[in-house]
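Residue strings, one per chain:
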Amino acid sequence: GAVVSQHPSRVICKSGTSVKIECRSLDFQATTMFWYRQFPKKSLMLMATSNEGSKATYEQGVEKDKFLINHASLTLSTLTVTSAHPEDSSFYICSALGGQTNEKLFFGSGTQLSVL
Amino acid sequence: AQRVTQPEKLLSVFKGAPVELKCNYSYSGSPELFWYVQYSRQRLQLLLRHISRESIKGFTADLNKGETSFHLKKPFAQEEDSAMYYCALSESETSGSRLTFGEGTQLTVNP
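Reading the values: rules and limits
- Residues numbered from 1 in each chain as written.
- Chains lettered and ligands numbered in written order.
- Predicted model: local features only at pLDDT ≥ 70, side-chain atom pairs only at ≥ 80, totals over all residues.
- Heavy atoms only, no water.
- Helix = DSSP H or I, 4+ residues; strand = E, 2+ residues; numbered from the N terminus.
- Buried < 20%, exposed > 50% of the residue type's maximum accessible area, 1.4 Å probe, protein only.
- Contact = heavy atoms within 4.5 Å.
- Areas by Shrake-Rupley, 256 points an atom, 1.4 Å probe, with all protein chains shown as cover.
- Lys, Arg positive; Asp, Glu negative; His and termini not counted.
- Charge placed at Lys NZ, Arg CZ, Asp CG, Glu CD.
- Pairing = 2+ DSSP bridges.
- Salt bridge = Lys/Arg side-chain N within 4 Å of Asp/Glu carboxyl O.
- Polar contact = N/O pair within 3.5 Å; in protein donor to acceptor, adjacent residues only side chain to side chain.

With that settled, consider the overall build of chain B. In terms of regular secondary structure, chain B is built from zero helices and eleven strands. Reported as C-alpha extents along the three principal axes, the dimensions of chain B are approximately 40 × 30 × 25 Å. Here chain B holds 111 residues, and 45% of them are scored as buried. Considering only residue pairs separated by 6 or more positions, chain B has 60% of its internal contacts joining residues 24 or more positions apart. As displayed, chain B has an accessible area near 5,600 Å², and 49% of this comes from carbon and sulfur atoms. Between the mean site of the 13 positive side-chain charges and the mean site of the 12 negative ones, chain B shows a separation of 4 Å.

So, about the sheet that holds strand β8 (residues 72-74) of chain B. Within a beta sheet, neighbouring strands are joined by backbone hydrogen bonds and run either parallel or antiparallel to one another. Residue and element names in this part refer to chain B. Strand order in the open sheet formed by three strands is β3-β8-β7, with antiparallel pairing between adjacent strands. Taken across any chain shown, the strands that pair with only one partner, and hence form the sheet edges, are β3 (19-21) and β7 (60-61). Two strands pair when backbone bridges link them, and β7 and β8 are joined in this way by two bridges, in the antiparallel orientation. Residue pairing across strands places Thr60 opposite Lys73, the latter belonging to β8.

Attention shifts here to the pattern of salt bridges. Tallied over the entire structure, the rule returns eight salt bridges over all chains. With its nearest N and O atoms 2.7 Å apart, the salt bridge here joins Asp88(A) to Lys66(A). Note that Asp88(A) is positioned in the loop between β8 (76-81) and β9 (90-98) and Lys66(A) in the loop between β6 (57-58) and β7 (67-73), a separation of 22 residues in sequence. For Asp88(A), a relative accessible area of 5% corresponds to the buried category. In this structure Lys66(A) comes out as buried when scored by relative accessible area, which is 11%. Residue Arg49(B) pairs with Glu32(B) through a salt bridge whose shortest N-O separation is 2.8 Å.

This part covers the side chain of Ser77(A). All names here are of chain A. Secondary-structure assignment places Ser77 in strand β8. Among the polar contacts made by the side chain of Ser77, one reaches the side chain of Trp35 at a distance of 3.0 Å. Apart from residues lying up to four places away in sequence, Ser77 is in contact with Ile21, Glu22, Cys23, Met33, Trp35, Ser50, Ile69, Asn70 and His71.

Okay, structure coming up:
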């Protein structure tokens, strides 16, 4: 089946630094990828829709300058958390739309970000 | 705005017992509903979607538009069913895009 690789699985950084998370579709092309954020024991919250070759579409309340998304190829989307602060600490999950008619969503294994 | 509610955060049953995980939604249009499952230390994966009308691993879910519900049911729970289950809603009937998730229900099936 289709596989989505997310890297790194865990990252610890200092406050004020930037962190980049990669999401790759390994055996299929994904023109559309999604980035979610999940707080402990809470639901996944959609942050943005990443479209290959165009600007990402952000959900209401998500700062686009804070969470930079780049989808430069059909197999890679990146999320960069800029000038990270402790409140950005969270579990970030990506997913990619695939399948014969782009009807299936495949998830990465997530990235635990801890900002000190 | 759309919303998905899973009233039970935790659900515990014994092996062989019936199980029902509740999901209610609010959406003004015609939604597509999904159930996703996350087994221990594994990534989230699709369990079933309402338009497929199929049974996966013995689970079924029927969309009830009158009650705005999409409860997940299995007549005889197995220990390997223990996992986190998320109900999700998509605005589009043609793709699983832009999902709104419920908060999830942790199902434990005891021996």
